[in-house]
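As a plain string of letters, each chain reads:
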Amino acid sequence: MSELDLCIRGAKVVDGTGAPMRDADVGVRDGRIVEVGKASTSAAETIDADGLMLTPGFVDPHTHYDAQLCWDATASPSNLHGVTTVIGGNCGFSIAPLDDGGADYIRRMMSVVEGMPLAALEGGIDWGWRSFGEWLDRLEGNIAVNAGFLVGHCALRRTVMGDEAVGKEASEAQVAAMRRLLAESLAAGGIGFSSSRSFSHRDGDGNPVPSRAASVDELLALCGVVGEHDGTSLEFITDGCLRGFDDDEIDLMARMSLAAQRPLNWNVFTIDSTEPDRYENQLR
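Here we summarise the structure given alongside this text.

Conventions and cut-offs
Residues numbered from 1 in each chain as written. Predicted model: local features only at pLDDT ≥ 70, side-chain atom pairs only at ≥ 80, totals over all residues. Heavy atoms only, no water. Helix = DSSP H or I, 4+ residues; strand = E, 2+ residues; numbered from the N terminus. Buried < 20%, exposed > 50% of the residue type's maximum accessible area, 1.4 Å probe, protein only. Contact = heavy atoms within 4.5 Å. Areas by Shrake-Rupley, 256 points an atom, 1.4 Å probe, with all protein chains shown as cover. Lys, Arg positive; Asp, Glu negative; His and termini not counted. Charge placed at Lys NZ, Arg CZ, Asp CG, Glu CD. Pairing = 2+ DSSP bridges. Polar contact = N/O pair within 3.5 Å; in protein donor to acceptor, adjacent residues only side chain to side chain. Core = buried A, V, L, I, M, F, W, Y, C linked by side-chain atoms within 4.5 Å. Salt bridge = Lys/Arg side-chain N within 4 Å of Asp/Glu carboxyl O. Axes fitted to C-alpha atoms, helices over the stretch in contact; angles between N-to-C directions. Parallel < 35°, antiparallel > 145°, perpendicular 65-115°, else oblique. Left-handed = near helix turned anticlockwise from the far one by under 90°. Nonpolar A, V, L, I, M, F, W, Y, C, P; charged D, E, K, R; others polar.

1. Some remarks on the overall build of the chain
- Secondary structure assignment for the chain yields nine helices and twelve strands.
- Taking the principal axes of its C-alpha atoms as reference, the chain extends roughly 65 × 45 × 35 Å.
- When the 284 residues of the chain are sorted by exposure, 46% land in the buried category.
- Long-range pairs, those at least 24 residues apart, make up 69% of the contacts in the chain with a sequence separation of at least 6.
- On the chain, roughly 13800 Å² of surface is accessible, and the fraction owed to carbon and sulfur atoms is 50%.
- Taken as two groups, the 23 positive and 44 negative side-chain charges of the chain have centres that lie 2 Å from each other.

Have a look at this one:
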């Protein structure tokens, strides 16, 4: 058998399958793991991992690296903690698609809801894309992590409705336009749809973010589009993520999941020892 390119010897391997941790060597050839156990061949490079743990890379399903990846290909500091895959576009906040006048609004919104320095958002990107596909093309081959992005409800509303996206329900024609734009964005590589109804999300002007003005019918119509594209999912933030879900929120999330025939991830979970009923309700 030909020589390994790399052998990591004596690590405590946690392989991600649920199997017990075990001591093993891991051999790599041509960029692929070819041996796990006792390495039987020599290697061009050997790493002594005695006393160290070796695992597959971690997937972080809730990040907001959408902008940072434009100037930091490594997604630091997540990469320093073993994260090799990041999912962005959560909470209804993606930076694509864009309309001609939408970049300033999206930048200022992101600086508030995610605490991103506005100067970095203004100077770190040229904001020259418009479609979701054009945005993804900028990252392709230029980042050091695996990355997937949800299509954010706020960007969809802003692109279709302009200033009316804040505080106003969409007309039937505007909902239809958002459905078309979401379908186009998913076809271009978006991995799903995200939205927020959380009381905590306000834009750069202090107003509720655009997705908070959406009707239930609008939400369900957009979820229906997701179901037309394989491999997609939903992500949703609501008051109950911080306060504990009420029956109406549970019903809405179930209806969204059914409309899309996809799982729905409400991936904000806070534990407070003084309010056990809240998180126990969420776990149920």
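From this point, the discussion proceeds with the structure in view.
2. Quick look at the sheet that holds strand 12 (residues 264-265)
- Taken in spatial order, the four strands line up as 9-10-11-12 in an open sheet, and their pairing is parallel. Of all the strands in the sheet, just strand 9 (151-152) and strand 12 have a single pairing partner and so form its edges.
- Relative to strand 12, strand 11 (residues 233-237) runs parallel, the two being bridged by two bridges. Each bridged residue has a counterpart across the sheet, and for Leu-234 the counterpart in strand 12 is Leu-264.

3. A short note on the side chain of Ser-195
- Within the fold, Ser-195 resides in strand 10 (residues 192-196).
- Look at Ser-195 and you get buried, because its relative accessible area is 0%.
- Here His-153 takes part through its side chain, which lies 2.8 Å from a polar atom of the side chain of Ser-195.
- Apart from residues no more than four positions distant in its own chain, Ser-195 is found in contact with Cys-91, Gly-92, His-153, Ser-211, Leu-219, Glu-235, Phe-236 and Ile-237.

4. Structural notes on the pairing of strand 3 (residues 32-37)
- As paired strands, strand 2 (residues 22-29) and strand 3 are joined by five bridges and run antiparallel to one another. Bridge assignment links Val-26 to a residue of strand 3, and that residue is Val-36.
- Taken together, strand 2 and the strand that follows it, strand 3, pair antiparallel across an intervening segment of two residues, in which Asp-30 is found at a positive phi of about 55 degrees.

5. As for the nonpolar core
- Counting 58 residues, the largest nonpolar core has Ile-95, Met-109, Trp-127, Trp-135, Leu-182, Phe-193 and Met-256 as its most contacted members.
- Broken down by secondary-structure element, the contributors of at least two residues to this core are strand 7 (83-88), helix 1 (103-113), helix 3 (132-139), helix 4 (153-161), helix 5 (172-187), helix 6 (216-226), strand 11 and helix 8 (247-260).
- Tallying contributions element by element places helix 6 first for this core, with seven residues.
- Among residues more than four places away in sequence, those in contact with Phe-193 are Leu-150, Val-151, His-153, Leu-156, Leu-182, Leu-219, Leu-222, Cys-223, Val-226, Ser-233, Leu-234 and Glu-235.
- By size, the runner-up hydrophobic cluster in this structure holds eight residues, among which are Ile-8, Ala-24, Val-28 and Ala-49.

6. Re the pattern of salt bridges
- Scanning the model with the defined rule gives 13 salt bridges in all.
- For Asp-15, the salt bridge goes to Arg-22, with nearest N and O atoms at 3.5 Å.
- Looking at Asp-15, the relative accessible area reads 27%, which means it is partly exposed.
- The residue Arg-158 makes a salt bridge to Asp-99 at a minimum N-O spacing of 3.9 Å. On the criterion of sequence distance, the pair formed by Arg-158 in helix 4 and Asp-99 in the loop between strand 7 and helix 1 is long-range, its members being 59 residues apart.
- Salt bridges sharing partners connect three or more residues here, namely Asp-104, Arg-107, Arg-108 and Asp-205.

7. Observations concerning the packing of helix 4 against helix 5
- Axis separation between helix 4 and helix 5 bottoms out at 9 Å; the angle between their running directions is 125 degrees. Taken together, the axes of helix 4 and helix 5 lie oblique to each other. Handedness of the crossing formed by helix 4 with helix 5: right-handed. Note on element contacts: helix 5 touches helix 4 through Gln-174, Ala-177, Met-178, Leu-181 and Leu-182, opposite His-153, Leu-156, Arg-157, Thr-159, Val-160 and Met-161.
- Broken down by class, the residue content of the contact of helix 4 with helix 5 amounts to seven nonpolar, three polar and one charged.

8. Observations regarding the sheet that holds strand 6 (residues 58-60)
- Strands sit in the order 6-7-8 across an open sheet of three strands; the sheet is parallel. If you trace the sheet from one side to the other, it starts and ends with strand 6 and strand 8 (146-149), each paired once. Within the sheet, the average angular offset between the axes of one strand and its neighbour, ignoring direction, is 15 degrees.

9. Section: the side chain of Glu-249
- Its place among the elements puts Glu-249 in helix 8.
- Although Glu-249 lies buried, it forms no salt bridge, and the closest oppositely charged side chain, Arg-243, sits 7.9 Å away as judged by the N-O distance.
- For Glu-249, the contacting residues outside a window of four places in its chain are Thr-238, Asp-239, Gly-240 and Gly-244.

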